[in-house]
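If you want the building blocks of each chain, they are given just below.
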Amino acid sequence: MKIRSIIVDDNEFMAEVLSDLILENHPEIEVMGIAHSGKEGIQKINQLKPNLVFLDIEMPDMSGFLMLSQLGAINFQTIFTTAHSHYAIKAIRFNALDYLVKPIDEKELSESIKRLKNEFEIFKNKNKVQNALLNLKEENVENQKLFLQTQKGTLRITLKNIVRIEGDRNYSIIYLKNNTKKLSSKTLGYFEEILSDKGFFRCHRSHLINKTHVDSINNQGCFLLNNKESIPVSRRKMNDARTWFYE
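Residues numbered from 1 in each chain as written. Predicted model: local features only at pLDDT ≥ 70, side-chain atom pairs only at ≥ 80, totals over all residues. Heavy atoms only, no water.

## Quick notes on the pairing of strand β4 (residues 77-82)
In the case of a regular strand, side chains alternate between the two sheet surfaces. Most of β4 is tucked away: 6 of the 6 residues are buried. Both faces of β4 are covered, namely the face carrying Q77, I79 and T81 and the face carrying T78, F80 and T82. In the sheet, strand β3 (residues 52-56) pairs with β4 via 5 bridges, with the strands oriented parallel. Along β4, the bridge assignment pairs F54 with I79. Once the chain exits β3 it traverses helix α3 (residues 64-69) before rejoining the sheet at β4, and the crossover so formed is right-handed. Bridging between β4 and strand β5 (residues 99-101) involves 3 bridges; their strand directions are parallel. In the sheet register, T81 faces β5, and the bridge partner there is L100. Handedness of the β4-helix α4 (residues 86-94)-β5 crossover: right-handed. (Buried < 20%, exposed > 50% of the residue type's maximum accessible area, 1.4 Å probe, protein only. Helix = DSSP H or I, 4+ residues; strand = E, 2+ residues; numbered from the N terminus. Pairing = 2+ DSSP bridges. Right-handed = clockwise from strand over helix to strand, strands pointing away.)

Rendered as structure tokens:
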């Protein structure tokens with residue numbers, strides 16, 4: 001049984017390239033239609049009822065996220081596509097969503113399709129998209145949830161419960177408000193990228209802190225947290241640290 005799919009992308013050339021890649025390399029997938037705007041995407045999804053949607057996250061009339069929010073129930077899997085947009089990729093990574101960067105590489109396309117054909121991934125993909133939409137509706141940033149892929153599944157952490165994140169080479173330790181911690185294979189640089197506009201500041205090469213849990217900054221060059229921990233601030237970041245804390 002073929003997987004019914006549609007492509008939603010305002011760039012006609014990119015949409016045709018993706019359609020050709022699918023036709024040439026994935027006979028198990030049928031491209032039922034191509035939409036070139038969010039509005040047209042909604043119409044085709046309601047009309048064709050696909051199993052899979054390749055969705056451009058940034059379109060002139062509306063974002064891919066906004067388009068999904070207008071659909072109600074999401075009864076299909078989603079693979080997001082994006083150009084090299086820093087903002088879009090941050091949003092996708094924050095919600096642990098599957099995505100492809102344009103121009104789309106056939107190998108990466110095959111890997112995404114392989115993941116989504118897994119029965120467990122089918123449920124997880126739809127669930128992650130719903131969670132992303134809930135995050136976007138949450139106006140209070142500290143109540144948004146960070147999603148991380150782990151060997152045991154998807155880890156979901158509310159931002160206000162993260163006290164700080166400590167980097168150690170190629171992995172990070174997430175320290176939580178309840179005095180527990182979680183290990184992630186993501187680097188501290190990864191967390192800095194997706195959390196820097198959500199109240200977090202990298203004050204040292206090994207430390208990323210959450211402003212929610214900072215009491216003060218002292219003359220010795222340390223942030224004092226409300227759990228009584230003292231986190232060092234590197235000399236070159238002292239001015240930025242004071243500006244961040246007092247703004």
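## Regarding the sheet that holds strand β12 (residues 207-210)
Reading across from one edge, β10-β9-β8-β12-β11 is the order of the 5 strands in this open sheet, with antiparallel pairing throughout. Single-partner strands in this sheet number two, and they are β10 (181-184) and β11 (200-204). Sheet twist, expressed as the average angle between the axes of neighbouring strands with direction ignored, equals 20°. As defined by bridge partners, strand β9 (residues 171-176) adjoins β10 across 4 bridges and the pair is classed as antiparallel. Paired with S172 across the strands is S184, a residue of β10. Packed onto the sheet, helix α8 (residues 238-246) meets β11 and β12 and runs at close to 155° relative to β11. (Axes fitted to C-alpha atoms, helices over the stretch in contact; angles between N-to-C directions. Contact = heavy atoms within 4.5 Å.)

## A short note on the confidence of the model for the protein
Regions with low pLDDT should not have their predicted coordinates read in detail. Here the protein shows a mean pLDDT of 91. Residues at 70 or above account for 97%. The element-level mean pLDDT for the protein is lowest in helix α6 (residues 119-137), coming to 75, with β12 highest at 98. (pLDDT = per-residue confidence, 0-100.)

## A few points about the packing of α4 against helix α7 (residues 188-195)
Following both chains from N to C, one finds α4 and α7 inclined at 110°, their axes separated by 9 Å at the closest point. For the element pair α4 / α7, the angle class is roughly perpendicular. For α4 against α7, the interelement crossing comes out left-handed. Of the residues in α7, those touching α4 at H86, K90, R93 and F94 are Y190, E193, I194 and L195. When the residues that make up the contact of α4 with α7 are grouped by side-chain class, the tally is 4 nonpolar, 1 polar and 3 charged. (Parallel < 35°, antiparallel > 145°, perpendicular 65-115°, else oblique. Left-handed = near helix turned anticlockwise from the far one by under 90°. Nonpolar A, V, L, I, M, F, W, Y, C, P; charged D, E, K, R; others polar.)

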